[in-house]
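A structural walkthrough
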Amino acid sequence: MCNRNRSSLNSIRYWKLEGCSGLPRLFCGKKLQVEEIQFCIHAVINLWECCRYYSATILQMAGVEDTSTAIWLASLTAFVNFAFTFVGLFLVERIGRRPLTLGSLTGEPYYNLIM
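Every value quoted in this text rests on a predicted model; they were computed, and no experiment measured them.

What follows deals with the overall build of the chain. Broken down by element type, the chain carries four helices and two strands. Going residue by residue from the N terminus, the α and β elements of the chain occur as β-β-α-α-α-α. Each of the 115 residues in the chain was classed as buried or not, and the buried ones make up 6%. With an accessible surface of roughly 10,500 Å², the chain has 66% of that area assigned to carbon and sulfur atoms.

Next up, the structure:
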């Protein structure tokens, strides 16, 4: 049986697993790894949702003076995103994932230089 002692290091609490076999430590490590990946995925999704939700406000902060124009520009951006979702689905079915991925990876540095 494992001897679990609770201790603190620099005011951070953690559990020492003294005398445990490798399996509980491996399980704890993998559990933390999965939780970290889930946290990162949620952070990216929340950032994207935040940008979509506040896109009209972001456009106004970028210099668009009229509120109505900012809302219509944000709507246009959302519609283009929606429309090109179907273009992407069509291209994946027609060309395949691998060529699209390789094409985007080779084209990305050039587009960054242009920007």
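This brings us to helix α4 (residues 97-114). Helix length check: α4, at 18 residues, gives a terminal C-alpha distance of 25 Å against a target of 26 Å (1.5 Å per residue), a fit within 8%. When the local axis directions of α4 are compared, the greatest deviation, roughly 35°, occurs at E108, which is followed within four positions by the proline P109.

On to a nonpolar patch on the surface, then. A surface patch of nonpolar side chains, about 1,200 Å² in accessible area, is lined by L73, L76, F79, V80, F82, F84, F86, V87, L89, F90, L91 and I95. With respect to the secondary-structure elements, V80 resides in helix α3 (residues 67-94).

Before going further, it helps to spend a moment on the packing of aromatic side chains. Any pair of aromatic rings gets described here by the distance separating the centres and the angle formed by the planes. Evaluation of the coordinates by the stated rule reveals one aromatic pair. Ring geometry for F82 and F86: centres 5.1 Å apart, planes at 85°, overall edge-to-face. Taken together, the residues span about one helical turn, with F82 and F86 both in helix α3 at a distance of four residues.

All right, on to the confidence of the model for the chain then. A residue-level look at the chain finds 77% of positions with pLDDT of 70 or above and a mean pLDDT of 77. Across the chain, element-level confidence peaks in α3 with a mean pLDDT of 90 and bottoms out in strand β1 (residues 3-9) with 49. Scored below 50 in pLDDT, residues 7-11 shows seven contacts in the model against residues more than four places distant or in partner chains.

The next subject is the environment of A70. You can see A70 is positioned in helix α3. A70 gets classed as buried once you look at its relative accessible area, which sits at 0%. Those residues in contact with A70, other than ones at most four positions away along the chain, are A56, L59, Q60 and V64.

The rules we used
- Residues numbered from 1 in each chain as written.
- Predicted model: local features only at pLDDT ≥ 70, side-chain atom pairs only at ≥ 80, totals over all residues.
- Heavy atoms only, no water.
- Helix = DSSP H or I, 4+ residues; strand = E, 2+ residues; numbered from the N terminus.
- Buried < 20%, exposed > 50% of the residue type's maximum accessible area, 1.4 Å probe, protein only.
- Areas by Shrake-Rupley, 256 points an atom, 1.4 Å probe, with all protein chains shown as cover.
- Expected span 1.5 Å × (residues − 1).
- Bend = angle between axes of the 7 residues up to and from the residue.
- Patch = residues over 30% accessible without salt bridge, like charges linked within 9 Å, V, L, I, M, F, W, Y side chains within 5 Å.
- Salt bridge = Lys/Arg side-chain N within 4 Å of Asp/Glu carboxyl O.
- Phe/Tyr/Trp six-rings, centres within 6.5 Å; stacked < 30°, edge-to-face > 60°.
- pLDDT = per-residue confidence, 0-100.
- Contact = heavy atoms within 4.5 Å.

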